[in-house]
Amino acid sequence: MIEIENITKRYGESTVVDDVSLTIAPRTVTVVVGTSGSGKTTLLRMVNRLVEPTSGAIRLDGEDNRSLPGYELRRRIGYAIQGHGLFPHRTVAQNIATVPTLLGWERARIDAKVEELLRLFQLDPADFGPRFPHELSGGQQQRVGVARALAAEPKVLLMDEPFGALDPIIRAKAQDDLLAIQKHFQTTIILVTHDMEEAFHLADRIAVMDKGKVVQYATPAEMLLKPATPFVESLIGAGERPYRLLAIAPVSSAVEPGAAEGAPISSDASQREALAELLWSGRDALPVAGPDGAVIGRVSLEGLAKRAAGPA
Ligand SMILES: Nc1ncnc2c1ncn2[C@@H]1O[C@H](COP(=O)(O)OP(=O)(O)OP(=O)(O)O)[C@@H](O)[C@H]1O
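What counts and what doesn't
- Residues numbered from 1 in each chain as written.
- Predicted model: local features only at pLDDT ≥ 70, side-chain atom pairs only at ≥ 80, totals over all residues.
- Heavy atoms only, no water.
- UniProt positions renumbered as here; feature names shortened; annotations may be inferred.
- Core = buried A, V, L, I, M, F, W, Y, C linked by side-chain atoms within 4.5 Å.
- Buried < 20%, exposed > 50% of the residue type's maximum accessible area, 1.4 Å probe, protein only.
- Contact = heavy atoms within 4.5 Å.
- Helix = DSSP H or I, 4+ residues; strand = E, 2+ residues; numbered from the N terminus.
- Pairing = 2+ DSSP bridges.
- Near = heavy atom within 4 Å.
- Polar contact = N/O pair within 3.5 Å; in protein donor to acceptor, adjacent residues only side chain to side chain.
- Areas by Shrake-Rupley, 256 points an atom, 1.4 Å probe, with all protein chains shown as cover.
- Nonpolar A, V, L, I, M, F, W, Y, C, P; charged D, E, K, R; others polar.
- Axes fitted to C-alpha atoms, helices over the stretch in contact; angles between N-to-C directions.
- pLDDT = per-residue confidence, 0-100.
- Arc of directions from axis to C-beta.
- Salt bridge = Lys/Arg side-chain N within 4 Å of Asp/Glu carboxyl O.

In the nomenclature of an unreviewed UniProt entry, the chain is known as ABC transporter ATP-binding protein of Ensifer adhaerens. On record in UniProt, under Sequence similarities (unreviewed entry), the comment for the chain is "Belongs to the ABC transporter superfamily."

Encoded structure:
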C-alpha cells in the first residue's frame, strides 16, 4: 500500500504539486495522466525521493519513505523511464544485474534472475544477455529497461512514460507484456503517461492531474461514467479511436464469465452498443445472450474500457 498524504512541492513561488493525497492499493496499476507540466513526474519522483517534497508525507506499507536514506529507498523501488536509461557500456545482462549486484546478491542468484527476466520479456538469454544496448531495437531496449527495474524484485515500480518512444504497435505489445509481468510479480505500479488510451488499457485506477492538483482519482469505468470536471471529460473525449474500436468489435469477443442483472444483450451486438446500454442504464455489467438466447456470461464497463484502450 502506498499512501500519499497532502504532498506539496514548490519551486520558489510556483507550486507544481499541490496538496495531493492518494491511496494506492497493493498489486494494482495506477496511471497518472494530465497535461504537460501538470506535475506528474514531480509527484512520481517524490515517491522514491528523487524529489524531496516541500510538505506532506508518503508511506510505503505504513513506513514513512524518509525513514531510509534516499539511495537505499531507490534500490527497493523499481524506476523505469522513457528512453530506458541503460548503461551503454554494459551488456544487457550486466544492466539487468545492476541493483542485485549493489545489494550483494550471490552470483548464481543474479544469473538466475537475469535469465528469468529475459525469458519473461521474450528475449533469449543466450542471444541477448551478452549484447550491448546499441545492438538492440528500441522496443528491446525498453523491455530491458523494465527488466532492470524489476531485477531486485521491488514491490513498487515507478514508470515515467516508459513506452513514450515506441511506435503504436510495439507499444501495445509492451503494455500487454507489462500487465502480464505485473501479475506474475504482483508488483504495485505507478505509471505516468500523457496517453489516455494507455491509461485506460493499463490502469486499475487513474489519477488525472491538472495544474498540480489531482482532479479525479477513479477506476477507468467510473471516469467514463462520471468525469469529475470538464477537463477530465475533454481528456476522455480526446480520441474517437476507442469508440471506433468498440463499434467494430462484437460483444461475443468481450464476454467474461459471471452473472449480471437485467435484460441480456445479444452476443452479435457491437461492443459500442453494449457500452451505450451500460452507460444509459447506469449498470456495471450486462448479461450476454448467445445465438440460441441462453446467457453465456457478461460484458462489463470495466472490460470494455480496457478493450477500448487496447490494440485494434
Ligand atoms: N527542478 C525544478 N525547478 C523548477 N521548476 C521545476 C523543476 N522541476 C519541475 N519544475 C516545474 O514543475 C512543473 C511540473 O513539472 P513535471 O515534470 O512534474 O510535469 P509533468 O506533468 O510530468 O510534465 P510532462 O508531461 O511535460 O513531463 C513544470 O512547470 C516544471 O517546469
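Engineer: Looking at this structure, I do not really get the nonpolar core. What am I missing?
Structural biologist: Note on soluble globular proteins: their nonpolar side chains tend to be buried together. I96 and V299 are the most contacted members of the largest nonpolar core, which totals 66 residues. The residues contacting I96, other than those within four sequence positions of it, are V114, L117, L118, V144, A147, R148 and A151. By size, the runner-up hydrophobic cluster in this structure holds 24 residues, among which are I4, I24, V156 and L158.

Engineer: Please clarify how the pairing of strand β9 (residues 205–210) should be interpreted in this entry.
Structural biologist: Burial within β9 is extensive, with 5 of its 6 residues counted as buried. Inspection of the sheet shows β9 paired to strand β10 (residues 213–218) by 5 bridges, in the antiparallel sense. Paired with M209 across the bridge in β10 is V214. The turn joining β9 and β10, which pair antiparallel and follow one another in sequence, is formed by 2 residues; a positive phi near 50 degrees is taken by K211.

Engineer: Which parts of the structure should I look at to understand the site of the ligand?
Structural biologist: Close contacts around the ligand come from Y11, V16, T35, S36, G37, S38, G39, K40, T41 and T42, and that covers them all. A distance of 3.0 Å separates an oxygen atom of the ligand from a polar atom in the backbone of S38. A total of 640 Å² of accessible area belongs to the ligand in isolation, and the protein chains cover 53% of it. Per-element accounting of the shell around the ligand gives the leading share, 3 residues, to helix α1 (residues 40–47). Along the lines of polarity and charge, the residues of the shell around the ligand split into 2 nonpolar, 7 polar and 1 charged.

Engineer: Whenever I open this one, the sheet that holds strand β13 (residues 295–300) confuses me. Can you help?
Structural biologist: Pairing between the strands of a sheet is mediated by backbone hydrogen bonds and can be parallel or antiparallel. The sheet built from 3 strands is open, its strands ordered β11-β12-β13 with mixed pairing. If you trace the sheet from one side to the other, it starts and ends with β11 (265–266) and β13, each paired once. By the bridge criterion, 5 bridges tie strand β12 (residues 285–289) to β13 in an arrangement that is antiparallel. When the bridges of β13 are listed, L286 appears paired with V299. Contacting β11, β12 and β13, helix α13 (residues 271–281) crosses the sheet at an angle of about 135 degrees to β12.

Engineer: How should the confidence of the model for the chain be read in this particular structure?
Structural biologist: Caution is warranted with low-pLDDT regions, since their predicted coordinates should not be read in detail. Averaged over the chain, the pLDDT score is 89; the fraction of residues at 70 or greater is 96%. Under the prediction, the complex receives an ipTM of 0.95, its pTM being 0.78.

Engineer: Where do I start with the sheet that holds strand β5 (residues 63–64) in this structure?
Structural biologist: The antiparallel open sheet is built from 4 strands, whose spatial order is β2-β1-β4-β5. Pairing within the sheet leaves two strands with one partner each, and these edge strands are β2 (14–24) and β5. Both strand β1 (residues 2–11) and strand β4 (residues 55–60) contribute to a ladder of 5 bridges, which runs antiparallel. Each bridged residue has a counterpart across the sheet, and for E3 the counterpart in β4 is R59. Along the sheet, α1 contacts β1, β2 and β4; its crossing angle with β1, the most-contacted strand, is approximately 120 degrees.

Engineer: What should I look at first to understand α13 in this one?
Structural biologist: Two residues of an α-helix separated by three or four positions point the same way, owing to the 3.6 residues in each turn. Taken residue by residue, α13 has Q271, A274, L275 and L278 as its buried positions. Looking straight down α13, one finds its buried side chains confined to an arc of 100 degrees; they lie on one side. Following α13 by one or two positions, G282 has its phi on the positive side, about 65 degrees.

Engineer: Looking at this structure, I do not really get the pattern of salt bridges. What am I missing?
Structural biologist: It is possible for side chains of opposite charge to pair when their charged atoms get near one another. Here the structure, examined in full by the defined rule, presents 14 salt bridges. Taking the shortest distance from any N to any O, the salt bridge between E256 and R298 comes out at 3.8 Å. With E256 in the loop between α12 (241–248) and β11 and R298 in strand β13, this residue pair connects regions lying 42 residues apart in the sequence. Taken together, the shared-partner salt bridges connect E3, E5 and R59 into one network.

Engineer: Sorry if this is basic, but what is going on with unusual backbone geometry here?
Structural biologist: In this structure, R27 is a non-glycine residue whose phi angle is positive, near 60 degrees. Overall, the relative accessible area of 46% leaves R27 in the partly exposed class. A positive phi angle, near 60 degrees, is found at R49, a position not held by glycine. Inspection of the secondary structure puts R49 in the loop between α1 and β4. According to the relative accessible area criterion, R49 is buried, its value standing at 14%.

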